[in-house]
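Chains, contacts and geometry: an overview
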Amino acid sequence: MKNIFIIAILFLAISASMSAKKITGTVYGKDADLKKTPLKNASVFVLGEKNGTLTNKDGQFEININDHGHDHGHSLVVSYTGYKRDTIPDEEIKDNMEIVLELNASTKEVKVYGDEP
């Protein structure tokens, strides 16, 4: 009986891990000169779920998308301060993605004022 219980637990663990697909990619920002620059610490998350990640210093990310058998697909949301947020629908999500965020027109110039202590 104990062996059947252990086998059942292993089966559930294996099937749960197989229901997630790993997505990798790189997030770039397109600046005013239309040059693509990797974005460090861009936010990448699955809409409607709690899992998310940040890009590394080269703009690369890795995220698992769970497949719970929903009728609707998942959307991947990518955002970075100063750039327009991008939502990628399920049918466009693939491994080794290249995501390019456009500069937000309302944040082209930032002025910072301060006093010396």
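A few points on the structure.

On to the nonpolar core. Core analysis: the largest hydrophobic core is formed by 17 residues, its most contacted members being V27, F61, L76 and I99. When contributions to this core are tallied by element, the ones reaching two or more residues are strand 1 (20-30), strand 3 (43-46), strand 5 (60-66), strand 6 (76-79) and strand 8 (97-102). If we ignore the near neighbours within four places in the chain, the residues touching F61 are I23, T24, G25, T26, V27, V44, T53, T55, L76 and I99.

According to the stated counting rule, one finds four salt bridges in the structure shown. Two residues, E98 and K36, come together in a salt bridge whose shortest N-O distance is 2.6 Å. A residue pair is termed long-range when its members are at least 10 positions apart, and E98 in strand 8 and K36 in strand 2 (residues 36-38) qualify at 62 residues. Classification of K36 as partly exposed rests on a relative accessible area of 41%. Of the charged contacts, one joins K57 and D58 as a salt bridge, the two residues approaching to 3.8 Å between their closest N and O atoms. Assessed through its relative accessible area of 64%, K57 is described here as exposed. Overall, the relative accessible area of 37% leaves D58 in the partly exposed class.

What follows is about the side chain of T55. By secondary structure assignment, the location of T55 is in the loop between strand 4 (52-54) and strand 5. The exposure class assigned to T55 is buried, which follows from its relative accessible area of 2%. A polar atom in the side chain of T55 sits 2.6 Å from the backbone oxygen of L39. A polar atom in the side chain of T55 sits 3.0 Å from the backbone nitrogen of N41. Residues in contact with T55, not counting those within four places in the same chain, are V27, L39, K40, N41, A42, V44, Q60 and F61.

Quick look at the pairing of strand 8 now. Residues M97, I99 and L101 line the buried face of strand 8, whereas the alternating positions E98, V100 and E102 sit on a face that is not buried. Pairing of strand 1 with strand 8, which is carried by six bridges, proceeds in the parallel orientation. Considered in strand 8, the bridge of G25 is made with M97.

Moving on: the environment of D86. Looking at the element boundaries, D86 is found in strand 7 (residues 86-88). Along the chain, D86 and V44 lie 42 residues apart, while their C-alpha atoms are 9.7 Å from each other.

Rules of the game
- Residues numbered from 1 in each chain as written.
- Predicted model: local features only at pLDDT ≥ 70, side-chain atom pairs only at ≥ 80, totals over all residues.
- Heavy atoms only, no water.
- Core = buried A, V, L, I, M, F, W, Y, C linked by side-chain atoms within 4.5 Å.
- Buried < 20%, exposed > 50% of the residue type's maximum accessible area, 1.4 Å probe, protein only.
- Helix = DSSP H or I, 4+ residues; strand = E, 2+ residues; numbered from the N terminus.
- Contact = heavy atoms within 4.5 Å.
- Salt bridge = Lys/Arg side-chain N within 4 Å of Asp/Glu carboxyl O.
- Polar contact = N/O pair within 3.5 Å; in protein donor to acceptor, adjacent residues only side chain to side chain.
- Pairing = 2+ DSSP bridges.

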